[in-house]
Amino acid sequence: MTSENVDNVEIVVVGDGGVGKSCLTLRFVCDEFREEYNPTLEEAFRTQTVIDKKACQIDIVDTAGQEEFQVLRDTHLTVGDGFLIVYSITNQNSFQFVSKLRGQIHRARSSEDVPFVLVGNKSDLEDSRDVSTEDGKQLAKDWGNVKFFETSAKTGKNTKEAFQECVKEIRKHRQPKNE
Ligand code: GDP
Ligand code: MG
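Residues numbered from 1 in each chain as written. Chains lettered and ligands numbered in written order. Predicted model: local features only at pLDDT ≥ 70, side-chain atom pairs only at ≥ 80, totals over all residues.

Topic: the overall build of the chain
At step 1: From N to C terminus, the chain includes five helices and six strands.
At step 2: The helix and strand sequence of the chain, counted from the amino end, reads β-α-β-β-α-β-α-β-α-β-α.
At step 3: Its C-alpha atoms give the chain a radius of gyration of 15 Å, within 12% of the compact-globule value 16 Å for 179 residues.
At step 4: Here the C-alpha coordinates of the chain stretch approximately 45 × 35 × 30 Å along the principal axes.
At step 5: Residues counted as buried form 39% of the 179 residues belonging to the chain. (Helix = DSSP H or I, 4+ residues; strand = E, 2+ residues; numbered from the N terminus. Rg over C-alpha atoms; globule rule 2.2 N^0.38 Å. Buried ≥ 20, exposed ≤ 12 C-beta atoms within 10 Å, placed from the backbone.)

Remarks on the nonpolar core
Most often, soluble globular proteins have nonpolar side chains that are buried together.
At step 1: Core analysis: the largest hydrophobic core is formed by 40 residues, its most contacted members being Ile11, Val13, Leu84, Ile85 and Val86.
At step 2: When residues of this core are traced back to their parent elements, those giving at least two are strand S1 (7-15), helix H1 (21-30), strand S3 (54-62), strand S4 (82-88), helix H3 (92-109), strand S5 (116-121), strand S6 (147-150) and helix H5 (159-174). (Core = buried A, V, L, I, M, F, W, Y, C linked by C-beta atoms within 7 Å.)

Considering the site of ligand 1
At step 1: Neighbouring residues of ligand 1: 18 residues in total, closest Gly20, Lys21, Ser22, Cys23 and Lys154.
At step 2: The biggest single contributor to the shell around ligand 1 is H1, with three residues.
At step 3: Here the residues of the shell around ligand 1 are counted per class, giving six nonpolar, seven polar and five charged. (Near = placed C-beta within 6 Å. Nonpolar A, V, L, I, M, F, W, Y, C, P; charged D, E, K, R; others polar.)

Section: the pairing of S6
At step 1: Here S5 pairs with S6 via four bridges, running parallel. Along S6, the bridge assignment pairs Val117 with Lys147.
At step 2: This β-α-β element, S5 to helix H4 (residues 133-142) to S6, shows right-handed connectivity. (Pairing = 2+ DSSP bridges. Right-handed = clockwise from strand over helix to strand, strands pointing away.)

What about unusual backbone geometry?
When glycine is set aside, most residues are seen to have a negative phi, and most peptide bonds are trans.
At step 1: If you check the backbone angles, Asn145 has positive phi at about 55° while not being a glycine.
At step 2: Examined against the element boundaries, Asn145 turns out to sit in the loop between H4 and S6.
At step 3: Look at Asn158: it is not a glycine, yet its phi comes out positive at around 65°.
At step 4: For Asn158, the position within the fold is in the loop between S6 and H5.

Structural notes on the packing of H1 against H5
At step 1: At their nearest, the axes of H1 and H5 sit 9 Å apart, and the two run at 90° to each other. The angle between the axes of H1 and H5 places the two elements in the roughly perpendicular class. Here Leu24, Arg27 and Phe28 of H1 come into contact with H5, specifically with Thr159, Lys160 and Phe163.
At step 2: Partitioning the contact of H1 with H5 into residue classes produces three nonpolar, one polar and two charged. (Axes fitted to C-alpha atoms, helices over the stretch in contact; angles between N-to-C directions. Parallel < 35°, antiparallel > 145°, perpendicular 65-115°, else oblique. Contact = placed C-beta atoms within 7 Å.)

Let's talk about the environment of Asp127
At step 1: Assignment of secondary structure puts Asp127 in the loop between S5 and H4.
At step 2: Distance from Asp127 to Ile89, taken between C-alpha atoms, is 10 Å for residues 38 residues apart in sequence.

What about the confidence of the model for the chain?
At step 1: Residue-level pLDDT values for the chain average 90, and 91% of them are 70 or greater.
At step 2: Interface confidence for the predicted complex, expressed as ipTM, amounts to 0.99; the pTM equals 0.93. (pLDDT = per-residue confidence, 0-100.)

Some details on the environment of Asn93
At step 1: Along the chain, the position of Asn93 falls in helix H3.
At step 2: Each C-alpha atom of the pair Asn93 and Arg107 lies 22 Å from the other, and the pair is 14 residues apart in sequence.

Examining the sheet that holds S5
At step 1: In spatial order, the strands read S2-S3-S1-S4-S5-S6; together these six strands make up an open sheet with mixed pairing. Edge strands, defined here as strands with exactly one partner in the open sheet, are strand S2 (43-51) and S6. Direction aside, the axes of adjacent strands within the sheet are offset by 25° on average.
At step 2: Strand direction decides the pairing type here: S2 and S3, joined by nine bridges, are antiparallel. Its bridge partner lying in S3, Ile51 is registered against Lys54.
At step 3: Across the face of the sheet, H4 comes into contact with S5 and S6 while running at roughly 160° to S6.
At step 4: This element, H5, spans S1, S2, S3, S4, S5 and S6 of the sheet and lies at about 145° to S4.

What follows is the structure in structure tokens.
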């Protein structure tokens, strides 16, 4: 995959502990779901796909260990081409946390021009919903109309779409801007 016709993008998956970052990554990369939870495991994956008829090599960094509100290590934030910023629809705290994360990413990069996709995961747990779809949509709008998905890593709903949209945002961001 060294042809000029292949994009190489790095997506960093961020969000509070337990929201489903690892499960979303696993669903996208392997189309699997696992119940077990390892809050400390940070992993990188590489996968290839075709989006809008163009081949793409996607590196995904599944981050871990942000539970204590510590500032993320800068490497996570500065190397990424785009971010999947994830909360759980069953956890209001995780929803509050995404705004903090976004601020940290902007500060780490000294720029607000960063491709984001906002993701409300665990949409299969409707009975335990703690964040309304409207609130998610509104936040995405407040962030400058970033793309927003409610996903389920468990059923696979919208998972592919969220990652693919992130690639599309990265591509848009790479296009030369008109003066
Ligand atoms: P992370 O800390 O953000 O990486 O969270 P994990 O991906 O490890 O998931 C934390 C827990 O939530 C695990 O027990 C998963 O099985 C569960 N989980 C993750 N995604 C979903 C989902 O979409 N639906 C349901 N029902 N459970 C999920
Ligand atoms: Mg994890």
